[in-house]
Amino acid sequence: MAYDGIVISSVINEIKEACLGGRVVKVQQPETDIISITIKGFKGQTKLYMSVNASLPIVYVADSLPPGPVQAPAFCMLLRKHIGNGRLKDIKQPGFDRIYDFVFEHLDEMGDMCERHLIVEIMGRQSNIILADSDYMIMDCLRRVMPDLSEAMAQNKETSVRILFPGQKYTLPDSQGKLNPLSEEVDDRDNLSKIFEGKSGPISKLIYTSLSGFSKGIAEDIADGAGIDPRAGFNDLSPLEKDRLIDTIYRVIDCVKSGEYSPYIKYVDSMPKDFHAINISFLRQDNILKSENALDNESIIDSDLGSDSDSEKVSMSKVLINYYSSKEKTINIHSKSEDIRRVLKTAIERVSKKYDLQLQQLKDTEDRDIYRIYGELLNTYGYSLKGGEKSFTCLNYYDNEEITIPLDENLSASENSQKYFAKYNKKKRTNTALTEFVAKTKEELDYLLSVKHNLELAETETDVTEIRRELSLAGYIRKTSQKKKEKKVEAGEPLHFLSSDGYDIYIGKNNIQNDYLSFEFASGRDLWFHAKQMPGSHVIVKLKSSDTGLKSVPDRVFEEAASLAAYYSSGRQAPKVEIDYTERKNLKKPPQAKPGYVIYHTNYSMMAEPKEKI
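About the cut-offs
- Residues numbered from 1 in each chain as written.
- Predicted model: local features only at pLDDT ≥ 70, side-chain atom pairs only at ≥ 80, totals over all residues.
- Heavy atoms only, no water.
- Helix = DSSP H or I, 4+ residues; strand = E, 2+ residues; numbered from the N terminus.
- Buried < 20%, exposed > 50% of the residue type's maximum accessible area, 1.4 Å probe, protein only.
- Contact = heavy atoms within 4.5 Å.
- Areas by Shrake-Rupley, 256 points an atom, 1.4 Å probe, with all protein chains shown as cover.
- Salt bridge = Lys/Arg side-chain N within 4 Å of Asp/Glu carboxyl O.
- Phe/Tyr/Trp six-rings, centres within 6.5 Å; stacked < 30°, edge-to-face > 60°.
- Lys NZ or Arg CZ within 6 Å of the ring centre and 35° of its normal.
- Expected span 1.5 Å × (residues − 1).
- pLDDT = per-residue confidence, 0-100.
- Polar contact = N/O pair within 3.5 Å; in protein donor to acceptor, adjacent residues only side chain to side chain.
- Pairing = 2+ DSSP bridges.
- Axes fitted to C-alpha atoms, helices over the stretch in contact; angles between N-to-C directions.
- Parallel < 35°, antiparallel > 145°, perpendicular 65-115°, else oblique.
- Left-handed = near helix turned anticlockwise from the far one by under 90°.
- Nonpolar A, V, L, I, M, F, W, Y, C, P; charged D, E, K, R; others polar.

Q: How should the overall build of the protein be read in this particular structure?
A: Helix and strand counts for the protein stand at 16 helices and 19 strands. Sorting the 614 residues of the protein into buried and exposed places 45% on the buried side. Looking at the protein alone, contacts between residues at least 24 apart form 60% of all its contacts between residues at least 6 apart. If you sum the accessible surface of the protein, you get close to 33100 Å²; carbon and sulfur atoms cover 48% of it.

This is how it looks when you write it as C-alpha cells:
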C-alpha cells in the first residue's frame, strides 16, 4: 500500500509519544534528499529519518541513522541554526494529507523565544522539506520551486502554481476537493453517503478520491472488509451493503481518532507484499482472518516489529523498516546508477540495431554461390548463344538439373559471365568482412548485456563505482576531469560462499571482478562455472590440495556451484539453466577482448536450478 495519510498519522502518534517536548541534539544531512534529526526527551534519544527521495519518500522513527558528511550542506546548517537545541512543541498533519508539520520552539540570536515549522511533504516527485517561521513564511527549502509564471499563466495554470522559495508564504498543496475524514463535515454518515451517491465509478476509487489520506490500497481493503466488490458502483449496492461500507469507513476513522492503530505486513508466499497502519481484517465482525492460517499467510506481529511485551502495540516505524529495508537499499542503488542505466540503454539499443542490420546484410550474401555457378555455366555453355537472349537454360553439372540463367540481352555470354563473377566476388568480400564485423558487434552486445546484468547485482555504492569505472575505461562514459578530485572508493570484493563439503566458491559481481577471479585469483586446476550463452557471473570453485582432479570433487559441489552460476545470471527466473563448467586452465582471453570475455573449447555442461544461497 501507499505511504498514505493514515500511515503518517500513525507515525506522528509514535513520534509524539516518544519525544514530544524533547530537545533537538543533532541535525544531519547524510544525502542530498535525506535529513536526520535526533531528539532527546524523557524516554531517551529518538532518531527521526526523513527522506524525500522521489522513489521512496518516507519519515519514520529509526533505530540507527546513516553517518553525516564531514562538511554539512547549507540547508543542514540553516536547520541547525533555527531548530538546533530547539524543543519539539507539536506535530500537525494539515488536512490529514501526506504532510508533517513539526513545530519547534527556539531561542533566536536576541534570546527571544520564536517558533519554527519544519514541513515535510511526502508527495512522490514533489516531495520536499521546508523550513518556515511562525507565520509560515518560507525561510528555505531542500528543493526550491520557482516556476516560470509567465509560461504557467499562458497555459492557464496560474491557480496550480505553488512557489516554494525563501520569502514566500507557504501554502498547502491542492486538496483536489478531498474531505478531511476527521472534520465535522464527515461526522455525518448521511452526508458521506450523499457524497458517494453524487459520483460515479468503482467504490474503491470513490473512497480515495473523496477522503484525504486514504490510499487506493486501504480503499480496496475497506470494500473487501465490508464484503463488497471494490469494482462495484456505490449506487449499485443494496441498502445493507451501503450501511456495511459506511460503517467500515467509520471504523477506520474511529481508529485514527482514538489512535488505535494495528500496523501489519501482509505476506504472500513468505514475501512481504503489503503493509498498513490499520488491519481492516481485524475490524470485521466475523474475524475470519484471525484464524491461525490467515495470520500465517497475511499478517505478522512478531518480536521484530513490536516490543517484548505482547500487550504493547506494534510499531509502525518497525513495520516500515522491515518492509522497506531491502527495497530502500535497492532504490538508493538504482538512484546512484541512473546515469549508467541511461548510457547502457542507449548503447544496447544502438548496438542491437547495428547487429540486426549486419545480420540482414550478411543474410543477403548467402546467395553468392549461385552467381558463381551462373558465371561458370555461361563459360561452359555460352558458345551456343547467338546474342540478344533474355535467359539461358542449361544443365547444372553440380546437381544434374536444368537451370535457367537470367541474361542481359545487350551483353554477350562472356560479358554476362564476367558480370556474375563480379557480383559473386563482391558478395564474397562483403560476407568475409561482415562475418568479422558481426562477431565484433555480437561481442560488444554481449559485453553491454553483461554490464547491465552486473548492474542488477550491484548492492553497494562500491559496486556501482566499479561498473562506472569499467564503462569509463571502455569508452562508454566520459572520464571525469583530472582537475576534480575523485572520491576514493575501495575495490569491492567478490561474493564468497562455502559449499556443504567445505569448498570455497567465489562469484564476480562485475566484469573486472570476473577477470580477476578467472585469470589472477584462480589456479589452473580450479573449476570455472558460467551460464551457457547468456550474461552471468564467473563462478570459481577453489579445489583443495588433496584433490587430484575433477573426479575427486564431490558431486554436490558441482550442483551447488552450478545453482549459484544459474542464479547470478540473466536466466535466474527460469526453472532450469544450462551451465558450462571446465578447469580454469582451459580458459583463454583473446587479445583486446573486453573485460569478462573468455573463450573455451573443452567443457562439460549440466542443468541447474537457480539458487541464491547454498
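Q: Sorry, what's going on with the pattern of salt bridges here?
A: Pairing is possible between side chains that carry opposite charge, provided their charged atoms lie close to one another. In this structure the tally under the stated criterion is 27 salt bridges. Between E197 and K242 there is a salt bridge, and its shortest N-O distance comes to 4.0 Å. Of this pair, E197 sits in helix α5 (residues 189-197) while K242 sits in helix α8 (residues 239-258), placing them 45 residues apart in sequence. The class for E197 is partly exposed, based on a relative accessible area of 39%.

Q: Is there a simple way to think about the packing of aromatic side chains in this case?
A: Here a ring pair, both rings aromatic, is described through the centre-centre distance and the interplanar angle of the planes. With the rule as written, the count across this model stands at 21 aromatic pairs. On the numbers, 5.0 Å between centres and 80° between planes, the contact of Y567 with Y568 is edge-to-face. The rings of F529, F558, Y581 and Y604 are connected pair by pair, giving a single aromatic cluster. Residue placement shows R372 over the ring face of Y424; its charged tip is 6.0 Å from the ring centre. Positioned above the aromatic ring of Y503 is the side chain of K544, whose terminal nitrogen or guanidinium carbon lies 4.6 Å from the ring centre.

Q: Looking at this structure, I do not really get α8. What am I missing?
A: Count 3.6 residues to each turn of an α-helix, and residues three or four apart come out pointing the same way. Taking 1.5 Å as the rise per residue, α8 with 20 residues should run 28 Å; its terminal C-alpha atoms sit 28 Å apart, in good agreement. What α8 keeps buried is the set K242, L245, I246, T248, I249, Y250, V252, I253, C255 and V256. G259 sits one or two positions beyond α8 and adopts a positive phi of about 75°.

Q: Just checking my understanding: could you explain the confidence of the model for the protein for this structure?
A: As a general rule, the predicted coordinates of low-pLDDT regions are not to be interpreted in detail. On average, residues of the protein carry a pLDDT of 87, and 89% of them reach 70 or more. The low-confidence segment residues 306-311, where pLDDT is below 50, has 4 contacts with residues more than four positions distant or belonging to other chains.

Q: When you look at the side chain of E121 in this model, what are you seeing that I'm missing?
A: Turning to its location among the elements, E121 is positioned in strand β7 (residues 113-121). In this structure E121 comes out as buried when scored by relative accessible area, which is 0%. Separated by 2.6 Å, the side chains of E121 and Y170 make a polar contact. In this structure, E121 is in contact with V52, R98, I99, Q126, S127, N128, I130, R162, L164, Y170 and P173, ignoring residues within four places of it in sequence.

Q: Would you explain the sheet that holds strand β19 (residues 604-608) in this entry?
A: Hydrogen bonds between backbone groups are what pair the strands of a sheet, and the pairing can be parallel or antiparallel. Strand order in the open sheet formed by 6 strands is β14-β15-β17-β16-β18-β19, and the pairing between neighbours is antiparallel. Across the chains shown, the open sheet's two edge strands, defined by having one partner strand only, are β14 (495-498) and β19. Strand-to-strand twist in this sheet, taken as the mean axis angle between neighbours without regard to direction, amounts to 25°. Two strands pair when backbone bridges link them, and β14 and strand β15 (residues 504-507) are joined in this way by 4 bridges, in the antiparallel orientation.

Q: Can you walk me through the environment of K594 in this structure?
A: Tracing the sequence through the fold places K594 in the loop between β18 (577-583) and β19. Relative accessible area serves as the criterion here: at 22%, K594 is assigned to the partly exposed category. Spatially, the C-alpha atoms of K594 and Y447 are 7.0 Å apart, while their sequence positions differ by 147 residues. Look past the residues within four positions of K594 in its chain and what remains in contact with it is E443, E444, Y447, Y476 and K589.

Q: Would you take a moment to explain the packing of helix α13 (residues 413-457) against helix α14 (residues 461-474) for this structure?
A: Relative orientation and spacing of two packed helices are given, respectively, by the angle between their axes and the distance between those axes. Contact geometry of α13 with α14 gives a least axis separation of 11 Å together with a crossing angle of 165°. Judged by the inter-axis angle, α13 sits roughly antiparallel to α14. You can see that α13 and α14 cross each other, and the crossing is left-handed. From α13, Y447, V451, N454 and L455 reach across to α14, where they touch I467, E470, L471 and A474. Across the contact of α13 with α14, the residue classes break down as 6 nonpolar, 1 polar and 1 charged.

Q: Is there a simple way to explain the environment of L56 in this structure?
A: Relative to the helices and strands, L56 is located in the loop between β3 (44-51) and β4 (58-62). Considering only alpha carbons, one finds L56 and N332, 276 residues apart in sequence, at a separation of 8.8 Å.

Q: Quick question: what am I supposed to make of unusual backbone geometry here?
A: Most peptide bonds take the trans form, and the phi angle of most residues other than glycine is negative. One non-glycine residue, Y136, lies in positive phi territory at about 60°. Relative to the elements of secondary structure, Y136 occurs in the loop between β8 (128-133) and β9 (138-141). With relative accessibility at 23%, the residue Y136 sits in the partly exposed group. Its identity as a non-glycine residue notwithstanding, Q176 has a phi of 55°, on the positive side. Relative to the assigned elements, Q176 resides in the loop between α3 (149-154) and α4 (184-187). Looking at Q176, the relative accessible area reads 61%, which means it is exposed.

Q: Help me understand the pairing of β15, please; the structure alone is not making it clear to me.
A: Each regular strand shows side chains that alternate between the opposite faces of the sheet. Here β14 folds back onto β15, and the loop between the two strands holds 5 residues, one of which, G502, carries a positive phi near 85°. Bridge count between β15 and strand β17 (residues 539-542): 4 bridges; the pairing is antiparallel. Bridge pairing links D504 to K542 in β17.

Q: Mind showing me how you'd approach the packing of α5 against α8 here?
A: It is at 11 Å that the axes of α5 and α8 come closest, and there the two elements cross at 115°. Viewed along their axes, α5 and α8 form a crossing whose handedness is right-handed. Along its contact with α5, which presents R189, L192, S193, F196 and E197, the element α8 presents K242, D243, I246, D247, I249 and Y250.

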